[in-house]
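Listed here are the chains, written in short residue letters.
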Amino acid sequence: MHWVKKPSSNLKMIVFWFVVSLQQILLLVLLLSLVGCGSTPSLFNPKIIDSLSSQVIELLEGEDKIEIDAEELAILAAVPRISSFWQNSVKASKIAVFSPVFANGALYAADEEGNLIRFDPVTGKQSWNINTEHQLSGGVGAGDGMVLVGTFKGEVLAFDESGNALWKAIVTSEVLSPPRVDSNIVVVRTGDGRIFGLDAIDGSRKWVYQGATPSLTVRSSAGVLISRGAVFAGFAGGKLAAMSLFNGNIGWEIAVSLPRGVTELERMTDITSLPVADEHLVCTVAYQGRVACFGMADGSQVWTREASSSIGLAMDDDYVYVSEDQGAVVAYDKRSGASIWKQGRLGSRKLSPPLVRGHNVIVGDDQGNITLLRNYDGAIVARSATDKSAILASPEALPDGFVVQTAKGGLYAFSHQF
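Calculation criteria
- Residues numbered from 1 in each chain as written.
- Predicted model: local features only at pLDDT ≥ 70, side-chain atom pairs only at ≥ 80, totals over all residues.
- Heavy atoms only, no water.
- Helix = DSSP H or I, 4+ residues; strand = E, 2+ residues; numbered from the N terminus.
- Buried < 20%, exposed > 50% of the residue type's maximum accessible area, 1.4 Å probe, protein only.
- Contact = heavy atoms within 4.5 Å.
- Areas by Shrake-Rupley, 256 points an atom, 1.4 Å probe, with all protein chains shown as cover.
- Phe/Tyr/Trp six-rings, centres within 6.5 Å; stacked < 30°, edge-to-face > 60°.
- Lys NZ or Arg CZ within 6 Å of the ring centre and 35° of its normal.
- Pairing = 2+ DSSP bridges.
- Disulfide = S-S within 2.5 Å.
- Core = buried A, V, L, I, M, F, W, Y, C linked by side-chain atoms within 4.5 Å.
- Axes fitted to C-alpha atoms, helices over the stretch in contact; angles between N-to-C directions.
- Salt bridge = Lys/Arg side-chain N within 4 Å of Asp/Glu carboxyl O.
- Lys, Arg positive; Asp, Glu negative; His and termini not counted.
- Polar contact = N/O pair within 3.5 Å; in protein donor to acceptor, adjacent residues only side chain to side chain.

Novice: How would you summarise the overall build of the protein chain if you had to cite specific residues and measurements?
Specialist: Within the protein chain one finds three helices and 34 strands. Out of the 418 residues belonging to the protein chain, those deemed buried represent 55%. Here the contacts in the protein chain between residues at least 6 apart in sequence split such that 48% fall between residues at least 24 apart. Here the protein chain displays about 18,300 Å² of accessible surface, and carbon together with sulfur accounts for 52% of that area.

Right, dumping it as structure tokens:
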């Protein structure tokens, strides 16, 4: 494996500041157009501006594309295939990142065009399909007999398990991640850094938390983790916070990683993925920062290691697994933080968050491949292709396997047994 030569940092910074300036100009034109005519031209849709700038910034932040030589391609091609259960599809996603969810014996998936669909997790056949008549941006969340999605307009839509509408709530910004529900409270994270606690009965607001937001952040579809009556969330600037599920009060807040460097781009160290937790520990990883584990009760640091991931991590009884930004999966000892193994020959620069099923660690990539790694040594044990479009969300566990959703809308269910 070898790397394409990276462009000079000066060139990257020139392009970066050009993009930032362009975004500011477009926003100014947008404001003028709103004052002058009272409507928003499609060219200056804020959602498009935000997506354009965030995608270009992501391109500048990342490493250059990995080139795989013929021998390594042959090795990957010779890896055994993963057993497939079924495949189906929803509509393609151009901006939003959707993840299917398994709950109470059913699988739910959504798409940007407003479709919310229930599938049989064994056969992949549709049980029902409704059009919400909203442009969806985040989902799907499920639990307590509810199915939840969010929209680009800051709406939270709640349905029962038969697809009947329950309520609609308004929050302050687009909902980019799946809403979560526990103990009759729906927790929603918005694009402007706020976290809302809503009453699961009628959607009324119970509490809101506002995290600090630096001037430059990485756009993220990460939501929140609910565990043991607490809500855990990572924020821009490398902060991890624990708050009460019932009233939003902060229990503790710690710095996972501190900004370093001279420029704003170099100093970005956001937590843009979900934390993971067990009975005692909560672990997270920051972009251009660290992976770390803390005591769940008081936020006391257990261990920390240098790492960079805007993607995410997973945990089992023994290890913490991180999908790094350069296209590698790294395993750490959960108790000490000691590095156990690193698998960097996956043929892709951008991976999905990992999922642990049995003795396998499952990751997708931006070329639509699914790879199973052995949990104790990182060896590649099986691999399969989908529709060649990106798998950006974590695979979702099923009773006998797992399912992934691709950017083209493909739903692919596989066995995790090998």
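Read on for the rest.
Novice: Now, about the environment of Lys388: what can you tell me, with residues and values included?
Specialist: Examined against the element boundaries, Lys388 turns out to sit in the loop between strand 31 (380-385) and strand 32 (396-398). The spacing of Lys388 and Asp365 is 23 residues in sequence and 9.3 Å in space, taken between C-alpha atoms. Excluding residues that lie within four positions of it along the chain, Lys388 makes contacts with Asp366, Gln367 and Gly368.

Novice: Give a detailed account of the packing of aromatic side chains, specifying residues and quantitative values.
Specialist: Summed over all chains, the structure comprises eight aromatic pairs. Seen in terms of ring centroids, Tyr321 and Trp341 are 6.1 Å apart; in terms of plane orientation they differ by 45°. Their pairing is tilted. A residue pair is termed long-range when its members are at least 10 positions apart, and Tyr321 in strand 25 (residues 319-323) and Trp341 in strand 27 (residues 339-343) qualify at 20 residues. Note on Tyr321: relative accessible area 0%, which makes it buried. Relative accessible area serves as the criterion here: at 6%, Trp341 is assigned to the buried category. Members of the aromatic cluster, each reached through a chain of ring pairs, are Tyr319, Tyr321 and Trp341. The residue whose ring lies beneath Arg189 is Phe235, and the NZ or CZ to ring-centre distance is 4.7 Å.

Novice: Residues and numbers for the sheet that holds strand 20 (residues 276-277), please.
Specialist: Spatially, four strands are ordered 20-21-22-23 in an open sheet, and the strand pairing comes out antiparallel. With one partner strand each, in any of the chains shown, strand 20 and strand 23 (301-307) form the two edges of the open sheet. As judged from the six bridges shared by strand 22 (residues 289-295) and strand 23, these two strands associate in the antiparallel manner. By the bridge assignment, Phe294 is partnered in strand 23 with Gln301.

Novice: Now, about the state of the cysteines: what can you tell me, with residues and values included?
Specialist: Within the structure shown, the criterion is met by one disulfide. Between the sulfur atoms of Cys283 and its disulfide partner Cys293 the distance amounts to 1.9 Å. Residues Cys283 and Cys293 are joined through a disulfide that is right-handed, its torsion about the S-S bond being 105°. On the criterion of sequence distance, the pair formed by Cys283 in strand 21 (residues 281-285) and Cys293 in strand 22 is long-range, its members being ten residues apart. The burial state of Cys283 is the same as that of Cys293; both residues are buried.

Novice: Any details on the nonpolar core? Residues and values, ideally.
Specialist: Side chains that are nonpolar tend, in soluble globular proteins, to be buried together. Core analysis: the largest hydrophobic core is formed by 16 residues, its most contacted members being Tyr108, Ala110, Leu116, Leu136, Val140, Val149 and Phe159. Ranked by residue count, the leading element in this core is strand 5 (residues 106-110), at three residues. Ignoring any residue separated from it by four or fewer positions in sequence, one finds Val140 in contact with Ser99, Val101, Tyr108, Ala109, Ala110, Leu116, Val147, Leu148, Val149 and Pro178.

Novice: Summarise the side chain of Ser99; cite the residues concerned and give the values.
Specialist: Relative to the assigned elements, Ser99 resides in the loop between strand 3 (84-89) and strand 4 (101-103). On the basis of relative accessibility, which here comes to 16%, the residue Ser99 falls in the buried class. In this structure Ser99 touches Gly139, Val140, Pro178, Ala393 and Gln405, once residues within four positions along its chain are discounted.

Novice: Please provide a residue-by-residue account of the sheet that holds strand 3, values included.
Specialist: In space, the four strands of this open sheet follow the order 3-34-33-32, with antiparallel pairing throughout. Only two strands of the sheet have a single partner each, and these edge strands are strand 3 and strand 32. Across this sheet, the average inter-strand angle for adjacent strands is 20°, counted without regard to direction. Pairing of strand 3 with strand 34 (residues 410-415) involves five bridges; the strand directions are antiparallel. Residue pairing across strands places Ser89 opposite Gly410, the latter belonging to strand 34.

Novice: So what's going on with the pattern of salt bridges? Residues and values would help.
Specialist: Within this structure, the stated rule accounts for seven salt bridges. For Asp192, the salt bridge identified is with Arg194, shortest N-O distance 2.6 Å. A residue is classified by how much of its surface remains accessible, and Asp192, at 24% relative accessible area, is partly exposed. A residue is classified by how much of its surface remains accessible, and Arg194, at 28% relative accessible area, is partly exposed. Here Arg228 makes a salt bridge to Glu279, at a shortest N to O gap of 4.0 Å. Here Arg228, found in the loop between strand 16 (225-227) and strand 17 (230-235), pairs with Glu279, found in the loop between strand 20 and strand 21; they are 51 residues apart in sequence, far enough to count as distant.

Novice: Describe the pairing of strand 13 (residues 185-189), with residues and values.
Specialist: A large share of strand 13 lies buried, amounting to five of its five residues. A two-sided burial pattern is seen for strand 13, the buried positions comprising Ile185, Val187 and Arg189 on one face and Val186 and Val188 on the other. For strand 12 (residues 180-182) and strand 13, the ladder comprises three bridges, and the chain directions are antiparallel. Pairing of Asp182 across the sheet is with Ile185, part of strand 13. Between strand 12 and strand 13, which pair antiparallel one after the other, the connecting turn spans two residues, and Ser183 there sits at a positive phi close to 55°.

Novice: How would you explain the side chain of Asp387 if you had to name every residue and give the values?
Specialist: Following the sequence through the fold, Asp387 ends up in the loop between strand 31 and strand 32. Despite being buried, Asp387 has no salt bridge partner; Lys408 is the closest side chain of opposite charge, sitting 5.6 Å away. At a separation of 2.7 Å, a polar atom in the side chain of Asp387 contacts the side chain of Ser389. Not counting residues up to four positions away in its chain, the partners in contact with Asp387 are Thr406, Lys408, Gly410 and Tyr412.

Just distances and angles here, no functional claims.
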